[in-house]
Amino acid sequence: MKLIFSILINALILWALAYFLSWNELVDSGIILPEAIWDQYKTFIVWGFLLWIINITIRPILNILSLPFYLIFFGLVVFLVNGVILKLLTYIMSVILIIPWVKFEFATTIDFVIAVAIFTILNMVYSLLFFKR
């Protein structure tokens, strides 16, 4: 149950990213989704599953490697770790797992920085609400 819930929350986080980055239709955010709503749901579920896989395999390694920097920079390295996670997800979606009608790339560096900030904030909220220690 926790697995399904985590995948759905990751899908919602990625949906929020796509929504916040494509709010202005005049600016190309680089995120292209299928036309049909059902296909969009399936796409976000696949992205959520991939993000879950990355979070359980690569995020702990990145956290351990960046531990000294967490202490030096008072935890602001979490933005860098989330940026690496998001860049890896983008690479997997656009190069390895090619779906013709779906594009998940960031058009500019500013879009990527905004996406990392939104991604970090939503991940922090998710962690605070659902992983009480």
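Residues numbered from 1 in each chain as written. Predicted model: local features only at pLDDT ≥ 70, side-chain atom pairs only at ≥ 80, totals over all residues. Heavy atoms only, no water.

Draft legend 1. Layout of the overall build of the protein chain. Looking only at helices and strands, the protein chain features six helices and two strands. Listing the helices and strands of the protein chain from first to last along the sequence gives α-β-α-α-α-α-β-α. Every one of the 133 residues in the protein chain was classed for burial, and the buried ones make up 38%. In the protein chain, of all internal contacts separated by at least 6 residues, the share reaching a separation of at least 24 is 74%. As presented, the protein chain carries roughly 8,700 Å² of accessible surface, and 76% of it is formed by carbon and sulfur atoms. (Helix = DSSP H or I, 4+ residues; strand = E, 2+ residues; numbered from the N terminus. Buried < 20%, exposed > 50% of the residue type's maximum accessible area, 1.4 Å probe, protein only. Contact = heavy atoms within 4.5 Å. Areas by Shrake-Rupley, 256 points an atom, 1.4 Å probe, with all protein chains shown as cover.)

Draft legend 2. Representation of helix 6 (residues 109–130) within the structure. The end-to-end C-alpha distance of helix 6, which contains 22 residues, comes to 31 Å, matching closely the 32 Å that a straight helix rising 1.5 Å per residue would cover. For helix 6, the set of buried residues is Asp-111, Phe-112, Ala-115, Val-116, Ile-118, Phe-119, Thr-120, Asn-123 and Tyr-126. (Expected span 1.5 Å × (residues − 1).)

Draft legend 3. Representation of the nonpolar core within the structure. If you look at the biggest cluster of nonpolar residues, it comprises 30 residues, and the most contacted ones within it are Leu-14, Leu-86 and Leu-89. Elements represented by at least two residues in this core include exactly helix 1 (2–21), helix 2 (37–57), helix 5 (77–96) and helix 6. It is helix 5 that provides the largest number of residues to this core, a total of eight residues. In this view, Leu-14 contacts Phe-44, Trp-47, Gly-48, Leu-51, Leu-89 and Phe-104; residues no more than four positions away in its chain are not counted. (Core = buried A, V, L, I, M, F, W, Y, C linked by side-chain atoms within 4.5 Å.)

Draft legend 4. Here's a closer look at the packing of aromatic side chains. Counted by the stated rule, this structure contains three aromatic pairs. With centroids separated by 5.2 Å and ring planes inclined at 90°, the aromatic side chains of Phe-44 and Trp-47 adopt a geometry described as edge-to-face. Here Phe-44 and its partner Trp-47 are both found in helix 2, three residues apart, which amounts to about one turn of the helix. For the pair Phe-44 and Trp-47, a shared accessibility class is recorded, and that class is buried. Lying across the ring of Phe-112, Lys-87 places its NZ or CZ 5.2 Å from the centre. (Phe/Tyr/Trp six-rings, centres within 6.5 Å; stacked < 30°, edge-to-face > 60°. Lys NZ or Arg CZ within 6 Å of the ring centre and 35° of its normal.)

Draft legend 5. Up close: the side chain of Ser-66. Along the polypeptide, Ser-66 turns up in the loop between helix 3 (59–65) and helix 4 (67–72). Classification of Ser-66 by relative accessible area gives buried; the value is 9%. Those residues in contact with Ser-66 that sit more than four places away from it in its chain are Val-77 and Val-81.

Draft legend 6. The environment of Ile-118, seen in detail. Among the secondary structure elements, Ile-118 is positioned in helix 6. In this structure Ile-118 comes out as buried when scored by relative accessible area, which is 17%. Note: C-alpha distance between Ile-118 and Ile-13 (105 residues apart in sequence) is 8.8 Å. Sequence-distant contacts of Ile-118, defined by excluding residues within four places in its chain, comprise Leu-17 and Phe-20.

Draft legend 7. Highlighting the packing of helix 5 against helix 6. It is at 9 Å that the axes of helix 5 and helix 6 come closest, and there the two elements cross at 110°. Considered as vectors, helix 5 and helix 6 are oriented roughly perpendicular to each other. Across the interface between the two elements, Val-78, Phe-79, Asn-82, Gly-83, Ile-85, Leu-86 and Lys-87 of helix 5 pack against Phe-112, Ala-115, Val-116, Ala-117, Phe-119, Thr-120, Asn-123 and Met-124 of helix 6. By residue class, the composition of the contact of helix 5 with helix 6 is 10 nonpolar, four polar and one charged. (Axes fitted to C-alpha atoms, helices over the stretch in contact; angles between N-to-C directions. Parallel < 35°, antiparallel > 145°, perpendicular 65-115°, else oblique. Nonpolar A, V, L, I, M, F, W, Y, C, P; charged D, E, K, R; others polar.)

Draft legend 8. Region of the structure containing the confidence of the model for the protein chain. The pLDDT averaged across the protein chain works out to 81; a share of 84% of its residues lies at or above 70. Of all the helices and strands in the protein chain, strand 1 (residues 31–32) carries the lowest mean pLDDT, 62, while helix 3 carries the highest, 92. (pLDDT = per-residue confidence, 0-100.)

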